[in-house]
Structure formats: structure tokens, C-alpha cells
Amino acid sequence: MSLLGPDKEWGEYRCMCREFGAVTEAAALAAGRWVGQGDPEAAEAAAVEAMRAAFAQVPISGTVVVGKERDPQTSPLAVGSRVGMGGRPTDIVLRALEGANIVARGQAGAISVLTAAAPGNVLQVPEMYMQKIAVGAPAVGKVEMEADIEQNLEAIADSLGLKVNELTIVVLDRPRHDDLVATLRRAGARVKLIQDGDVMASIAAAIRDSGDHAHIGIGGSTEGVISAAAMQCLGGEIVSKFWPLSRREIEAARERGIEDIEATLRTEDLVRGDLVLSATGVTSGDVLQGVEYRHEGARTQTLVMCTKCRHVRFVETVHSFSPDPKAVAFWKVR
Ligand code: VTB
């Protein structure tokens, strides 16, 4: 039985996936100003404010359904916040800045990201940890949450025609992953430790030529839902399970209709139906270029994926800060 309840499709509509691209671009441009400034909170606040303002140009009646659980009165874009200029009802999951610490330290792979779906098509997970395994299309249906790591590695390697010691597995660099990393290394897999940003790690795993083959580990539930949306767009799969730290978190899940906290949740359990995912690079990573400043402007790279339009679009945008159109004449092609 699906945890998502009855399927309320958007039905016939003009797709607005391109508008969502401008929303993550605005947030990335704002966060880009804080790269290397050592202030993750300021970077995140700037991204949130810019994203909120950019949403006001999008013809949706959006509701943030998963994310930071704060009072929406004092915390813009927290769960329950309304976004958009009014229009089609839409559920939104976002990370205005995924990787605030990366930005603060001037490191690689921070993004601004959101996903949009028809109301009811996103599982309303509480803010907590989740165990996740994300893989690309060839390995769909072949990894299991309850299987040994070694078995999952064999399955992923087999699906790609590789040996286990030719796999690259991306893992968040956290003490809670010490045993996982030791097991991966013992099995011979190449382990890539990242500071933050498991959404992009999952996206990279699902992109055939990225060089990354899976993301494994415990990260945020919001990132899990957004990764599931990405997997729907890219044909990959996320297998996940809640990792509660307290009875309160288990209760919070129950309040949202999630009775079995031990259940394995696969992509379709987390998101379903047509959806859009937009991610803009803030700092350059393996998949997306970060914000680059040029004379009187900046350049961004955005990944817009849409299951309805069936595209994966890499959008390069030149943002001119000058009213003079000639300003961009000084720009070189990348
Ligand atoms: C991960 C990571 C995110 O949160 O989901 C992580 O991908 C999980 O929380 O970028 P901890 O930092 O507590 O491990 C983020 O770092 C975002 O905050």
C-alpha cells in the first residue's frame, strides 16, 4: 500500500519547469556572494531570501511540504510556507542552499535545489536522518537495504560490467560512517568522502559517465526526498530507511501516517507522478559549475529535469547586472 494516498495528478497543464530554473538560479547567485566567507548561516539566509523572492514570479500556489521544521512566520521557506504568485497548487521540497558549510569554506559541490510535484505526491517525511543507497538505472531493483554491503557492491558492479574495485562509492564524511567506510574499503571499493551534499552525490551516481557509481550512507530526509525526485527523472533508484535518533522522531513520523519506521522506502514510496527538479551550482562540483562572476554579471549552470517534458536540461545563464546590454559583449565563452 502506498503511503502517499490517492494520486491527484496535475492533469493537463502547461509545464513550468523552466520557471523553476530561475528560482534556484536566484538562490545560487545570492549564496555565491558568501563563498569562502566562513559564515554558513549568512550564506543560507541569503539563498533563502532570494529563493522566496524568486518564487513570487512563478504562477503556482506552492506549499513547502518537507524541509526545515520551524515556524514559517519567522523562518521563511520552512515547512508550511506558501510560495508563488498564485496558480496551480504545487507541493515543494527545497534546500535553498544544500551545502552551506561547503560555501562557507569555499569548497566544491554546493547547490541550490528544489523539487515540485502535484499536491500529495511527495511523502511528508519529518526532518530526521535516513539511511540511503542511490544507484543509476542499470542497478535499479538490485540493491537492498537489508543486504550486506558486499552483496550490494557486487550487484552494482555486475550491473555496470565492472569489478567491485572499479566502483567509486560516495559517502558523507561523518564519524557515523566509520564502519561503513571500513567495510567498503575492505571490499576493495574506491571511497569518495564528501563534506556535504548527498543530493548531488545521488545525482552523480545516476548519471552514467560521472565516474561515481553509488551514494551510500545516512543523511537528511529532505535530501532523501529530493534525491528520489532526481532518481525519477534520471531512471535511477534510491532505497532508504528512516534513522530516528529519538522517540519523538518516531512519533513525528507516525503523525504523518508513517506507522512502520523500519520500512524500506524506495523511490516510488517517496515521490510519484510528474515532477520537476531544478538544481543550480553555487560552487563547482563534478556535475554542475558554480556561480562565476564576470564583468557586470555572473554566469550560472542549472540542471532542470522534468518527467512531463521528459528532458534533462543543462542551462547556462548569463545574468547581467548592468542595464547596458553591451556589458555582456566583454564576456568570453567559457
Ligand atoms: C546531509 C548532507 C547535507 O546534511 O544530508 C547532511 O548531504 C546530514 O546531516 O548537505 P549532518 O550534517 O548532521 O550529517 C547536509 O549537510 C545539509 O545540512
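Refer to the structure printed above.
The present account deals with the structure reproduced in this document. Every chain's residues receive numbers from 1 upward, in the order its sequence appears when written. The model is predicted, so local features are restricted to residues of pLDDT at least 70 and side-chain atom pairs to those at 80 or more, both for listing and for counting; the totals for chains, interfaces and linings are taken over all residues. Neither water nor hydrogens contribute to the side-chain values; these are computed over all heavy atoms in the structure.

### Brief notes about the overall build of the protein
Strands here mean DSSP runs of E at least two residues long; helices mean DSSP runs of H or I at least four residues long; both are numbered from the N terminus. In terms of helices and strands, the protein carries nine helices and 14 strands. Its C-alpha atoms give the protein a radius of gyration of 19 Å, within 12% of the compact-globule value 20 Å for 334 residues. The C-alpha extent of the protein, read off along each of the three principal axes, is 60 × 40 × 40 Å. Within the protein, the fraction of its 334 residues that count as buried is 54%. Contact criterion: two residues are considered in contact whenever any of their non-hydrogen atoms come within 4.5 Å of each other. Long-range pairs, those at least 24 residues apart, make up 71% of the contacts in the protein between residues at least 6 apart in sequence. The Shrake-Rupley method, run with a 1.4 Å probe sphere, supplies the accessible areas, and residue values consider only the shown protein chains as cover. Carbon together with sulfur atoms contributes 50% to the accessible area of the protein, which is approximately 14400 Å² in total. As used throughout, the charge tally considers Lys and Arg to be positive and Asp and Glu to be negative, leaving His and the chain termini uncounted. To locate a charge, take atom NZ for lysine, CZ for arginine, CG for aspartate or CD for glutamate. Once the 36 positive and 44 negative side-chain charges of the protein are each reduced to a mean point, those two points are 5 Å apart. C-alpha atoms define the radius of gyration, and 2.2 Å times the number of residues to the power 0.38 defines the globule rule. Using a 1.4 Å probe on the protein chains alone, a residue whose accessible area is under 20% of its type maximum counts as buried, one over 50% counts as exposed, and one in between counts as partly exposed.

### Side note on the packing of helix 1 (residues 17–32) against helix 2 (residues 40–55)
It is at 7 Å that the axes of helix 1 and helix 2 come closest, and there the two elements cross at 150°. The angle between helix 1 and helix 2 falls in the class roughly antiparallel. The way helix 1 lies across helix 2 gives a crossing that is right-handed. Residues Phe20, Ala22, Val23, Thr24, Ala26, Ala27, Ala30 and Ala31 of helix 1 form the contact with helix 2, whose participating residues are Ala43, Ala46, Ala47, Ala50, Met51, Ala54 and Phe55. Partitioned by chemical class, the residues of the contact of helix 1 with helix 2 number 14 nonpolar, one polar and no charged. Orientation is described by axes fitted as lines to C-alpha atoms, over the contacting stretch for helices, and by angles from 0 to 180 degrees between their N-to-C directions. An angle counts as roughly parallel when it lies under 35 degrees, as roughly antiparallel when it exceeds 145, as roughly perpendicular when it falls between 65 and 115, and as oblique in every other case. Handedness of each helix crossing follows the sense of rotation of the near helix against the far helix: counterclockwise by less than a right angle gives left-handed, clockwise gives right-handed. For this classification, Asp, Glu, Lys and Arg are treated as charged, while Ala, Val, Leu, Ile, Met, Phe, Trp, Tyr, Cys and Pro are nonpolar and the rest, including Gly, are polar.

### Let's talk about the site of the ligand
Being near a molecule or strand, for a residue, comes down to having at least one heavy atom within 4 Å of it. Neighbouring the ligand are Glu98, Tyr129, Leu172, Arg174, Arg176, Asp196, Gly197, Asp198, Gly219, Gly220 and Glu223. A distance of 2.9 Å separates an oxygen atom of the ligand from a polar backbone atom of Gly197. Within the complex, the protein chains bury 74% of what would otherwise be the 410 Å² of accessible surface of the ligand. Grouping the amino acids of the shell around the ligand by side-chain chemistry returns two nonpolar, three polar and six charged. As used in this structure description, the phrase polar contact means that two N or O atoms lie within 3.5 Å; if the pair is within protein, one of them must be able to donate a hydrogen and the other to accept it, and residues adjacent in sequence are counted only when both atoms belong to side chains.

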